[in-house]
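The primary structure of each chain is shown beneath.
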Amino acid sequence: RSMLRTVFIRTINPSIKGLVLKKCNANYNSVRSIFSNRLTILNLRTQIQLLKTENAVGNVRGRTFANHKHKKIIKLAKGYRGRANRCFTVAKHRVQKARQYAYRDRKVKKREFRSLWIQRINAACRMYGLPYSKFMSKLVKSDITLNRKVLADLAVSEPLSFKSVVEIARQSN
């Protein structure tokens, strides 16, 4: 019960104009007596009023950055299952792993789209009797510089335009 608390005292002193904040350590009994007497007058000059108490061990004011960091991680972990959306340590690990997956899958996404474009071009070329590999080599020989994304889009959205590209590629030897 004799744990020290930090007490902020507002002092109004006639010799010093305005308010002066004093910070002092007090034990449990003196804090309790200040709580019971909200307003204490000393020497008829100084008014002491208890403004705020906090434990001297844990300084609350120094945790603002840590609290902000914790809230940011918990916000990123929104929607995760179990303790991963509440408990900071678990959330930190899950968010870190999710960011690793995101980094990896940004590369995988490019590979998968290229594969999809190749499949679409291959299917469209075979409709006109030309396999993908021969079609691409003939495109290079005929100096047509359309990339796979554009070719796949042509094959899906404008089949007649794609057919004319295939005919031009077929004519080049």
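About the thresholds
- Residues numbered from 1 in each chain as written.
- Predicted model: local features only at pLDDT ≥ 70, side-chain atom pairs only at ≥ 80, totals over all residues.
- Heavy atoms only, no water.
- Helix = DSSP H or I, 4+ residues; strand = E, 2+ residues; numbered from the N terminus.
- Buried < 20%, exposed > 50% of the residue type's maximum accessible area, 1.4 Å probe, protein only.
- Contact = heavy atoms within 4.5 Å.
- Areas by Shrake-Rupley, 256 points an atom, 1.4 Å probe, with all protein chains shown as cover.
- Patch = residues over 30% accessible without salt bridge, like charges linked within 9 Å, V, L, I, M, F, W, Y side chains within 5 Å.
- Salt bridge = Lys/Arg side-chain N within 4 Å of Asp/Glu carboxyl O.
- Lys, Arg positive; Asp, Glu negative; His and termini not counted.
- Charge placed at Lys NZ, Arg CZ, Asp CG, Glu CD.
- Phe/Tyr/Trp six-rings, centres within 6.5 Å; stacked < 30°, edge-to-face > 60°.
- Lys NZ or Arg CZ within 6 Å of the ring centre and 35° of its normal.
- Core = buried A, V, L, I, M, F, W, Y, C linked by side-chain atoms within 4.5 Å.

A. Geometry of the overall build of the protein. Check the secondary structure of the protein and you find 6 helices and 4 strands. Ordered by position from N to C terminus, the α and β elements of the protein give β-β-α-β-β-α-α-α-α-α. For the protein, buried positions account for 21% of its 173 residues. Taking the contacts inside the protein whose residues are at least 6 apart along the sequence as the reference set, 46% of them involve residues at least 24 apart. Taken as a whole, the protein presents about 13,200 Å² of accessible surface, with 55% of it coming from carbon and sulfur.

B. Inspection of a positive patch on the surface at higher detail. There is a patch of like positive charges on the surface, built from Lys69, Lys72, Lys92 and Arg99. Secondary structure elements with two or more residues in the positive patch: helix H2 (64-76) and helix H3 (88-127). For Arg99, a relative accessible area of 52% corresponds to the exposed category.

C. Spatial organisation of the packing of aromatic side chains. Tallied over the entire structure, the rule returns 2 aromatic pairs. For the ring pair Phe113 and Trp117, a centre distance of 6.1 Å and an interplane angle of 45 degrees mean the geometry is tilted. Residue Phe113 and its partner Trp117 are located together in helix H3, separated by 4 residues, close to a single helical turn. Ring geometry for Phe135 and Phe162: centres 5.6 Å apart, planes at 55 degrees, overall tilted. Here the residue Phe135 occupies a position in helix H4 (residues 132-141), and Phe162 occupies one in helix H6 (residues 159-171), the gap between them amounting to 27 residues. With respect to burial, Phe135 and Phe162 carry one shared label: buried. Against the face of Tyr103 rests Lys107, its NZ or CZ located 4.1 Å from the ring centre.

D. Inspection of the nonpolar core at higher detail. Core analysis: the biggest nonpolar cluster contains 16 residues, and Ile121, Phe135, Met136, Leu139, Leu151, Phe162 and Val165 have the highest contact counts within it. The set of elements that each furnish at least two residues to this core consists of H3, H4, helix H5 (148-157) and H6. Counting residues in hydrophobic clusters, the runner-up holds 5 residues, among them Ala77, Phe88, Ala91 and Val95.

E. A look at the pattern of salt bridges. This structure, assessed with the given rule, holds 2 salt bridges. Glu167 serves as the salt-bridge partner of Arg170, at 3.5 Å between the closest nitrogen and oxygen. Of this pair, Arg170 and Glu167 both sit in helix H6, separated by 3 residues, roughly a single helical turn. Owing to a relative accessible area of 29%, Arg170 belongs among the partly exposed residues under this scheme. The class for Glu167 is partly exposed, based on a relative accessible area of 30%.

From the geometry alone we can't say anything about function, so treat these as descriptive.
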